[in-house]
Amino acid sequence: MRGYLKLVIALLSKDFLVTARSPWELLALLVFSSLSAIPISLIAGEYASQAFSIALLFITIYLSTQSYTRELRLGTLEIYQLYPIPPAAHFLEKLAYTATLLVLAALTLLATMAVLGVNAWTVLELAVIAAASTVYLSAASSLASLIATYLAGESPLQIAVTATLAVPLLVSIDNSNPLLLALTGVAYSIVSLIIAEL
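Rules used in this analysis
- Residues numbered from 1 in each chain as written.
- Predicted model: local features only at pLDDT ≥ 70, side-chain atom pairs only at ≥ 80, totals over all residues.
- Heavy atoms only, no water.
- Helix = DSSP H or I, 4+ residues; strand = E, 2+ residues; numbered from the N terminus.
- Contact = heavy atoms within 4.5 Å.
- Areas by Shrake-Rupley, 256 points an atom, 1.4 Å probe, with all protein chains shown as cover.
- pLDDT = per-residue confidence, 0-100.
- Expected span 1.5 Å × (residues − 1).
- Buried < 20%, exposed > 50% of the residue type's maximum accessible area, 1.4 Å probe, protein only.
- Arc of directions from axis to C-beta.
- Patch = residues over 30% accessible without salt bridge, like charges linked within 9 Å, V, L, I, M, F, W, Y side chains within 5 Å.
- Salt bridge = Lys/Arg side-chain N within 4 Å of Asp/Glu carboxyl O.
- 1 Å grid on protein atoms, 1.4 Å probe; cavity = no way out; pocket = protein on both sides within 12 Å on 5 of 7 lines; lining within 4 Å.
- Points joined across faces, edges and corners; volume = space filled by probe spheres on them.
- Axes fitted to C-alpha atoms, helices over the stretch in contact; angles between N-to-C directions.
- Left-handed = near helix turned anticlockwise from the far one by under 90°.
- Nonpolar A, V, L, I, M, F, W, Y, C, P; charged D, E, K, R; others polar.

*Asks:* Give a description of the overall build of the protein that names residues and reports values.
*Replies:* Across its full length, the protein holds nine helices and zero strands. Walking the protein from its N terminus toward its C terminus, one meets helices and strands in the order α-α-α-α-α-α-α-α-α. Counting contacts in the protein only where the partners sit at least 6 residues apart, residues at least 24 apart contribute 83% of the total. Of the roughly 10,200 Å² of accessible surface on the protein, a fraction of 74% belongs to carbon and sulfur atoms.

*Asks:* Tell me about the confidence of the model for the protein, and name the residues and values.
*Replies:* Chain-level statistics for the protein give a pLDDT mean of 82 and a share of 90% at 70 or above. Of all the helices and strands in the protein, helix α5 (residues 79–82) carries the lowest mean pLDDT, 64, while helix α2 (residues 24–42) carries the highest, 90.

*Asks:* Give me the lowdown on helix α1 (residues 2–21), citing residues and values where you can.
*Replies:* Between its first and last C-alpha, α1 extends 28 Å over 20 residues, near the 28 Å set by a 1.5 Å rise per residue. Along α1, the positions that sit buried rather than exposed are Val8, Leu11, Leu12, Asp15 and Thr19. Angular distribution of buried residues about the axis of α1 spans 100 degrees; they occupy a single face of the element. Away from its buried face by more than 90 degrees, α1 exposes Arg2, Lys6, Ala20 and Arg21.

*Asks:* Before we move on, can you summarise the environment of Met113 with the specific residues and values?
*Replies:* Within the secondary structure layout, Met113 lies in helix α6 (residues 87–115). Overall, Met113 belongs to the buried group, its relative accessible area being 0%. Separated by 72 residues in sequence, Met113 and Ser41 have C-alpha atoms that sit 6.0 Å apart. Non-local contacts of Met113, meaning those with residues more than four positions away in its chain, are made with Ala37, Ile40, Ser41, Val118, Val123 and Leu126.

*Asks:* I'd like a rundown of a nonpolar patch on the surface, residues and numbers included.
*Replies:* On the surface, a cluster of nonpolar side chains totalling about 970 Å² of accessible area is made up of Trp24, Leu27, Val31, Leu35, Ile38, Leu42, Ile43, Tyr47 and Leu116. By secondary structure assignment, the location of Ile43 is in the loop between α2 and α3 (48–64).

*Asks:* Describe empty space enclosed by the protein, listing the residues and the values that go with them.
*Replies:* Over the atoms a probe the size of a water molecule is rolled, and this reveals where empty space is left. The final tally for this structure, using the stated rule, is one cavity of 30 Å³ or more. In this structure, the largest cavity spans a volume of roughly 30 Å³. If you trace the largest cavity, you find it lined by Leu56, Leu102, Val103, Ala106, Ala130, Ser133, Thr134 and Leu137. Those elements that place two or more of their residues in the lining of the largest cavity are α6 and α7 (120–150). Broken down by element, the lining of the largest cavity gets its largest block of residues, four residues, from α7.

*Asks:* Describe in detail the packing of α3 against α6, supporting the description with residues and values.
*Replies:* Contact geometry of α3 with α6 gives a least axis separation of 11 Å together with a crossing angle of 145 degrees. Considering how the two elements wind past one another, α3 and α6 form a crossing that is right-handed. Contacts between α3 and α6 involve Phe52, Ala55, Leu56, Ile59 and Leu63 on the former and, on the latter, Thr98, Leu101, Leu102, Ala105, Leu109 and Leu110. Considering only residue class, the contact of α3 with α6 consists of 10 nonpolar, one polar and no charged.

*Asks:* I'd like a rundown of the packing of α6 against α7, residues and numbers included.
*Replies:* When two helices pack together, their arrangement is given by the angle between their axes and by how far apart the axes lie. It is at 8 Å that the axes of α6 and α7 come closest, and there the two elements cross at 145 degrees. In the packing of α6 onto α7, the handedness of the crossing is right-handed. In terms of residue class, the contact of α6 with α7 is made up of 18 nonpolar, five polar and one charged.

*Asks:* So what about the pattern of salt bridges? Which residues, and what values?
*Replies:* By the definition in use, this model includes three salt bridges. With its nearest N and O atoms 2.8 Å apart, the salt bridge here joins Lys94 to Asp15. Placement of the pair is Lys94 in helix α6 and Asp15 in helix α1, with a sequence separation of 79 residues. Taking the shortest distance from any N to any O, the salt bridge between Lys94 and Glu93 comes out at 3.8 Å. Grouping residues by exposure puts Lys94 and Glu93 together as buried.

Structure below.
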């Protein structure tokens, strides 16, 4: 188990190093998140959570390009076939990486909303929603990237798969208990991990 964890940490540090060397994609994500706060702030009333869900959907779609798809684009995906890296470890690393980026994007979005004068209670409610749905959306993003990459699909397929996986959670986000959202995310991650192992 310790070796497995070391492998995931090593793969995760590799992805963070690649991001640090070329920070433009991360910067684009953070700028988009910040700009998304403007329309949400303008309607920050009873529809704030729906607008926030739409922003999370677009962030999730963007994050799917930062997973397996980026490995394919950089030509590093074939390397994993040469080394004895279990697919589940690779997927778990992509899940952690995507979750980290999602948390950064959500924090940027929420901080911008606070700066724009949105009620602190609304920002706190949206922060709870973001925290509760992080694991689910990260799993949806990583799984969509995995499916699109191994099916040699183009961007439209990846967008469609990501949206198909993420929308059910985002549609029900208003009526859901945050604990239930988090548990659904864990369950969905386990199922995604099993699919990745196949």
